[in-house]
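Observations on chain architecture
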Amino acid sequence: MSLEEFRAETRAWLEANCPDSMRTPISGEGDICWGGRDWKFKSEDQRLWLERMVSKGWTVPAWPTEYGGGGLSKDEAFVLKEEMKRIGARSPLDSFGIWMLGPALLKFGTHEQKLEHLPPIARGEIRWCQGYSEPGAGSDLASLRTKGVLDGDHYTVNGQKVWTSYADKSDWIFALVRTEPDAPKHEGISFLLIDMAQDGVSTKPIKLISGKSPFCETFFDDAKALVKNRVGDAGQGWTIAKYLLSHERASIVSEGAFGGLNPITAAKASGEMDEDGKLADPILRGEVAKLTIDGLAFEATMRRVKEEADHGEGVGARASALKYLGTELNKRRHELNMSALGSDGLLWEGDAESDGDPARNWLRARANSIEGGTSEIQLNIVAKRVLELPGG
Amino acid sequence: MSLEEFRAETRAWLEANCPDSMRTPISGEGDICWGGRDWKFKSEDQRLWLERMVSKGWTVPAWPTEYGGGGLSKDEAFVLKEEMKRIGARSPLDSFGIWMLGPALLKFGTHEQKLEHLPPIARGEIRWCQGYSEPGAGSDLASLRTKGVLDGDHYTVNGQKVWTSYADKSDWIFALVRTEPDAPKHEGISFLLIDMAQDGVSTKPIKLISGKSPFCETFFDDAKALVKNRVGDAGQGWTIAKYLLSHERASIVSEGAFGGLNPITAAKASGEMDEDGKLADPILRGEVAKLTIDGLAFEATMRRVKEEADHGEGVGARASALKYLGTELNKRRHELNMSALGSDGLLWEGDAESDGDPARNWLRARANSIEGGTSEIQLNIVAKRVLELPGG
Amino acid sequence: MTFILNDEEQMLRDSAKSFLKQTSPVSALRKLRDDKDPVGYSASVWSSMAEMGWCGVLVEEDHGGVDLGYTAAGLLLQEMGRTLCASPFLPTAVLSASALRLAGSDAQKSAWLPKIASGEAVIAFAVDEKARHNPERIDTKAIKDGNGFRLSGEKRFVSCAMGADAFIVAARTEDGRINLFLVDADAAGVERTARRTLDSHVPADIRFDDVKLDGDALLNGAEDSETAYRHVLDAGRACLAAESLGVAEEAFDLTVDYIKEREQFGQPIGSFQGLQHRAAHLYSEMELARTLVMKALRALDETPSQAPLWCAAAKAKATEVSRLAGSEGIQMYGGVGMTDEYDIGLYYKRAQAAGEFLGDDSWGAGQVARLSGY
Amino acid sequence: MTFILNDEEQMLRDSAKSFLKQTSPVSALRKLRDDKDPVGYSASVWSSMAEMGWCGVLVEEDHGGVDLGYTAAGLLLQEMGRTLCASPFLPTAVLSASALRLAGSDAQKSAWLPKIASGEAVIAFAVDEKARHNPERIDTKAIKDGNGFRLSGEKRFVSCAMGADAFIVAARTEDGRINLFLVDADAAGVERTARRTLDSHVPADIRFDDVKLDGDALLNGAEDSETAYRHVLDAGRACLAAESLGVAEEAFDLTVDYIKEREQFGQPIGSFQGLQHRAAHLYSEMELARTLVMKALRALDETPSQAPLWCAAAKAKATEVSRLAGSEGIQMYGGVGMTDEYDIGLYYKRAQAAGEFLGDDSWGAGQVARLSGY
């Protein structure tokens, strides 16, 4: 089938199968479909839309069909994306399983592991969370202390993870666990898949400055992880984690480039445009114009780098520059949103559900340059691996 | 004599003795009186003004009278400064002898050394330059390699200095020389006074990006320095140099705060104000306003810190913050001058002697954050000594 | 002028520091927040402030105040910034007291200043009607009606208005001038709506719907209202800048302490030059803010004609620096800086709110340009 | 559009790189400067450029050009930026060639385009009359006089004008519109004065004192002058941004090499995290500039309606980044960066001059705001 034929068929299928309410923009996190054992659909349409996309394998269009994917080529997957965008179709399913564990399993997992874990991800049946960070470890991931002791067919895991996104709502966790205590720091870590439906695993939400609690602390207290659920060799966890971090980096970056409120719409909302349609404060206007330039530049740079990567030039450590630029830009955008909103931006809670969103999003954006490797770490990587500056 | 009586007498004396042409603003470096063996006065008034001030000891008003000074108290010296400023009197004499060697000798020199060297400085008879930096040493002053070998009543000096201001026009040089090769890095350096009127000393001007050559390389080729012209003990040079560096820091800072062209006068000169008297480019105007705020803040901070120092709170390592702020601010000022001048600022040479001044001063300002300890060094000092952050 | 504090000022600052540390630490703000306090400040802390004479810091002794001047008021606010103390001090003891003192009639002064000094009365000061501060954009109208006025309009995010007994309201009279009016909080036609803001304060939107005012509601004493209005705003800017400076200082101190302790890659993160240079830069910038705040406060006390420029500059710089101290603080804390458990985020939020009120850094820079004639 | 260079573009860039390295290294600019060259560029390098087809990069094949488009022109200028090559390429092969192509009559095109392509003619493009760029501030007047015009006014800092055979001049006609006129450099009433600038270029101020022009001096062909004028300026901005980018890239490469070698305190200064973070930041910023330059060039070739926005953005960003690369370069070089002996200062100077011409970063930001409708 030619790409044009594929496009025509896809368009027709989407037209016929995407419910109208699934073609409206999501108004907040509450509209996202995360799936999982305890998932409650927000609407019948949400359920229907997921079911239909699952039937095509299009929740994970580029995964092999035997693992629940659509088996599409890169070009076909891109066409699907374009066609969904054309009608404003919502993503049928978002999950850390799709973004992170999936790519890791596809690259490092055995056929059995893929068969066991990928289809439930694709169907939205199992919700995963990520267990990397630990209290006190921060950017220094290799110093992890959560321990796994081999005991027959399983590891007994003890320790604590932090910053596990939605751990309280997840079914399984993929975690970095120190299983080879005598190996050098980076070589003693394994990548384990752990079922959270056991007594040895508990979670506690962390309240953030934004007032929200998307993250948890996760505790392992003689938790069990089957050896067959170790991805890669014992001690290979660091390699897999690094591979995944670059995926996470890319996803944070694209979030940074994501639309939403900008200082112009903010100034319009707060009535801070003058009669000529100019931003009333000329100095703020100058700052916003510089943001516009950098925003245009950043979004186009993402496309350029993607194109270059497709063209075989690779991204490599340049991804760190993108992560740095994207997250710093997003913080600046939110700062200028707040300036343009003036006192309106200070609102924290009110009658409307969306009251306080600008302030909470502004605060949320501060984490962009911390999670997935801090800006300082990204600059270190650029300095050392792109510019090849000598070690300090 | 009360301070008020002193003020009245000083005012009367200045009125009677400061020639009219010495009450006009200097139009450039060419109007400065540096003194020295080969000094050619720019005018009869310049000679007369120096002579009269020398007779009062007021080229160095706070130095003891026995060393050619005016013997004034701090308060009296301040009154003299105010009264000179009142009538716009030029400085009768500027020299590195006054700014740097003098304070060092007064603190570390013997009575004989003071008697020999201070009066010729006060009278503008001997012009001094400073020999600290060496090629390749940069910020790492303690790694100096110029050697002095003790040989009876003198040291034989070999090596090379760089960034010696006006060395080609100077009579003597005060130099840091490694005399104790076996001592630890910081403890093997002595502070030697070397007559440049000998075959073993030669100089070569360095052409700068500003097109000017205020600095030289200075070569010692079996040059002789009498032991009696070593200031302080053998190996004490580093201590004296550090003391002097803080003096240099202060003088660079006050240069940073110095008047001259600013972006507003620049925009007026280039015709870039609009009819309302506003800077025509609103975005540039915003940048200039932020400079104005920081400029007001910096000048007042200099006064505050001085006042606090007089009040016994000391300046100490905070001087590094001031040096950093002042020099970065001065660079910003020159950058905005250039923006406000537009193409006018690009002029490098023309018919008028002042053609090219803005560009050359813009380039000259780049050195502010390099000389006297780079901005990076100042930030290190603030981090370690003010904030007491741990060593890296 | 001198930058050095005199003994009286020094003592005031030291006693404020120890009082606030004990009575109004950051945990007090957390409690007000978590309890959803209806006015957003503690009445008992406010009483204690009155007992110590703070509420009368700008009130003449004749009216029961201690009359220590703006420098003293700023020092108190700087310390309040350090512990994130929420109180009606700025709107009542600074803005309203200044307005009454400058433009109040003898009757108005006698009626209200003693109550301010004693802590009995909370008066809010209502200026802005749009989202960003601009003292010229006043559309609230006070229309002459017999011997009195009828007041109509809306004010937004008025600090401490929920607990206020009265408001001083900026409104335009028919001659196009801005005048200040004293309005009883319970007057017919006054409606206030609480707005909970990110810094856990509780300002209010106030609607004036054809509110009938007596003729003596107008402030028109030794100085006319419009002159007083501008001067009061300048004073507010300097004092709020002082609070922002306190916020910045404490956020910075917390951060420096943290990066000395916190280890990564086997060493304290404060030993990495990348962070060291940024911390040193921030320290240097805070030096500038410190100077401008002091300069503005002293100018209000000693050379009022110079105050507009210094107050605008101080407000702009303190806004910029306190926001930088907050954002750098969170970044240097890393993940835990994002949690509600640590205080650094609360400082960042207050920096944002205090920055916006009475003009942020962009507004201040524009004002400095105007006042400098370009 | 694609960001990837096609084979032709790749070859062009590679050959430009090696040609410029050999024929016009930085030492060539130093020589022009030290010799006080009267026109500020090398005629022989210019001839070689013509032989390689560069001068006709925007000229149709009918008129002897190679017609490769703006992306190709930009790539050439980027490489010229890397070696600081001074030439009439931008004013003649980009600005004037574009103006003639868009708005020239058949006769004008036949007369001039082949000469541009062959390197025989140098044509300067005269826009600005005041110090800062603003394409609307045109006071030079072209008054109708019989079939022709009389031209009066003054243009400032016109690139390469000393060696030019003719100028294309932006002037206002009586209807208030801006039109472009071809003016012979030797026409009576034309007076040019060389201005030596800090980047060692030699632009000229040009005075037009009631210069008599024939009717066919007016450019008014397929497009009218004013439309062409704006498009030509956009093209100039993108191409000049490409040159600035080349300046930035080379300055950055020199600096990174230097800090890898240069030792202080017993280690290469490039190992200090303070410098590493700044170098990495600059690298990241250059990535943005690279994208915008390419985007602007491709827009000129493929989607001209989008060009104004991208060209303004590219010019602003390239100006900012090239100046930052120069100033960071000098700071990281330290003392030797201040000496004429090292090249880094020459890059900083060119960054400043190229930044100012056709609108600096402030102007570009303002333009982006206007074009974005706020």
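Residues numbered from 1 in each chain as written. Chains lettered and ligands numbered in written order. Predicted model: local features only at pLDDT ≥ 70, side-chain atom pairs only at ≥ 80, totals over all residues. Heavy atoms only, no water.

Observations regarding the UniProt feature "domain: Acyl-CoA dehydrogenase/oxidase N-terminal" (unreviewed entry) in chain A
Spelled out, the test is: UniProt positions are given in the numbering used here, feature names are shortened, and annotations may be inferred rather than shown by experiment. Runs of H or I in DSSP of at least four residues are treated as helices and runs of E of at least two as strands, each being numbered from the N terminus.
Here the UniProt-annotated "domain: Acyl-CoA dehydrogenase/oxidase N-terminal" (unreviewed entry) positions come out as residues 44–125 of chain A. In this annotation, residues 44–125 of chain A is assigned 62% helix and 0% strand; the end-to-end C-alpha distance for the span is 17 Å.

Some thoughts on the nonpolar core
Inside soluble globular proteins, nonpolar side chains tend to come together where they are buried. Quick reminder of the rule: Here the nonpolar core consists of buried residues drawn from Ala, Val, Leu, Ile, Met, Phe, Trp, Tyr and Cys, with membership extended through side-chain atoms lying within 4.5 Å. Partly exposed residues are those whose accessible area sits between 20% and 50% of the maximum for their type, while under 20% is buried and over 50% is exposed, using a 1.4 Å probe and protein chains only. The contact criterion used throughout is that any non-hydrogen atoms of two residues lie within 4.5 Å.
Ranked by internal contacts, the top residues of the largest apolar core, which has 179 residues, are Met-49, Trp-54, Phe-89 and Phe-167 of chain C. Ranked by the residues each element gives to this core, the list is headed by helix H7 (residues 225–261) of chain C, at 18 residues. Apart from the residues lying within four places of it in its own chain, the contact partners of Trp-54 of chain C are Leu-12, Ala-16, Phe-19, Leu-20, Met-49, Leu-76, Met-80, Phe-89 and Ala-93 of chain C. Counting 177 residues, the second largest nonpolar core, distinct from the first, contains Ala-164, Phe-208, Phe-252 and Tyr-347 of chain D.

Quick word on the packing of helix H5 (residues 89–103) of chain D against helix H6 (residues 106–118) of chain D
All names here are of chain D. Short version of the rule: An axis is simply a line fitted to the C-alpha atoms; with a helix, the fit covers only the stretch in contact. Between two such axes, the angle follows the N-to-C directions and lies from 0 to 180 degrees. Here is the rule for angles: anything less than 35 degrees is roughly parallel, anything more than 145 is roughly antiparallel, 65 through 115 is roughly perpendicular, and the remaining ranges are oblique. Note: crossing handedness is left-handed where the near helix turns anticlockwise from the far helix by less than a right angle, and right-handed where it turns clockwise. Gly falls in the polar group here, along with every residue not listed as nonpolar (Ala, Val, Leu, Ile, Met, Phe, Trp, Tyr, Cys, Pro) or charged (Asp, Glu, Lys, Arg).
Where H5 meets H6, the axes come as close as 10 Å, and the angle between the chain directions of the two elements is 160 degrees. As judged from the angle between their axes, H5 and H6 are roughly antiparallel. The two elements H5 and H6 cross, and the hand of that crossing is left-handed. Only Gln-108, Lys-109, Trp-112, Leu-113 and Ile-116 of H6 make contact with H5, whose side of the interface consists of Thr-92, Ala-93, Ser-96, Ala-97, Leu-100, Arg-101 and Ala-103. Taken together, the residues of the contact of H5 with H6 break down into seven nonpolar, three polar and two charged.

Things to note about the domain arrangement of chain A
The line we're drawing: For the domain bounds, the source is a domain assignment made automatically or taken from a database.
Annotation of chain A at the domain level lists domain 1 (3–94), domain 2 (128–237) and domain 3 (261–386). Centre-to-centre, using C-alpha coordinates, domain 1 of chain A lies 28 Å away from domain 3 of chain A.

Here's the deal with the pairing of strand E1 (residues 128–131) of chain A
Residue and element names in this part refer to chain A. Operational definition: Any two strands with at least two DSSP-identified bridges between them are counted as paired.
Every second residue of E1 is oriented toward a common face, with Trp-128 and Gln-130 on one face and Cys-129 and Gly-131 on the other, all of them buried. Sheet topology note: the E1/strand E4 (residues 172–178) ladder contains four bridges and is parallel. Each bridged residue has a counterpart across the sheet, and for Cys-129 the counterpart in E4 is Ile-173.

Focus on the environment of Gly-295 of chain B
Relative to the assigned elements, Gly-295 of chain B resides in helix H8 (residues 282–310). Put simply, Gly-295 of chain B and Leu-14 of chain B are 281 residues apart on the chain and 32 Å apart in space, counted from C-alpha to C-alpha.

Quick word on the UniProt feature "domain: Acyl-CoA dehydrogenase/oxidase C-terminal" (unreviewed entry) in chain C
In the numbering used here, UniProt assigns the "domain: Acyl-CoA dehydrogenase/oxidase C-terminal" (unreviewed entry) feature to residues 231–368 of chain C. End C-alpha to end C-alpha, residues 231–368 of chain C measures 15 Å, and it is 79% helix and 3% strand.

Side note on the interface of chain B and chain A
For interface size, the figure often reported is the accessible area lost on association. Definition in use: Salt bridges are defined by distance alone: a side-chain nitrogen of Lys or Arg within 4 Å of a carboxyl oxygen of Asp or Glu. Under the rule applied, a polar contact is a pair of N or O atoms within 3.5 Å (in protein, one hydrogen donor and one hydrogen acceptor; residues adjacent in sequence only if both atoms are side-chain atoms).
Taken residue by residue, the interface counts six residues in chain B and six residues in chain A. Linking chain B with chain A are two salt bridges. One salt bridge in this structure joins Glu-287 of chain B and Lys-290 of chain A, with 2.6 Å as the shortest N-O distance. Run the count over chain B and chain A and you get two residue pairs in polar contact (both at pLDDT 80 or more).

Topic: the UniProt feature "domain: Acyl-CoA oxidase/dehydrogenase middle" (unreviewed entry) in chain A
Mapped onto the present numbering, the UniProt feature "domain: Acyl-CoA oxidase/dehydrogenase middle" (unreviewed entry) falls on residues 129–222 of chain A. Helix makes up 0% of residues 129–222 of chain A and strand 51%, whereas the separation of the span's terminal C-alpha atoms amounts to 19 Å.

Notes on the pairing of strand E5 (residues 189–195) of chain B
All names here are of chain B. Across the seven residues of E5, six count as buried, placing the element largely inside the fold. Bridge count for strand E4 (residues 172–178) against E5 is seven bridges, and the pairing is antiparallel. Along E5, the bridge assignment pairs Ala-175 with Leu-192. The sheet contact formed by E5 and strand E8 (residues 230–231) spans two bridges and is antiparallel. Bridging across to E8, Phe-191 finds its partner in Val-231.

Some words on the relation of the copies chain B and chain A
The cut-off we apply is this: Least-squares fitting of one copy onto the other uses the C-alpha atoms of those residues that reach a pLDDT of at least 70 in both copies.
When chain B is fitted to chain A, the best match, at an RMSD of 0.1 Å, comes from turning it 179 degrees and sliding it 0.1 Å along the axis. Here the copies are linked by what is in effect a two-fold axis. Both copies present the same face, since 100% of the interface residues in chain B are matched by interface residues at the equivalent positions in chain A.

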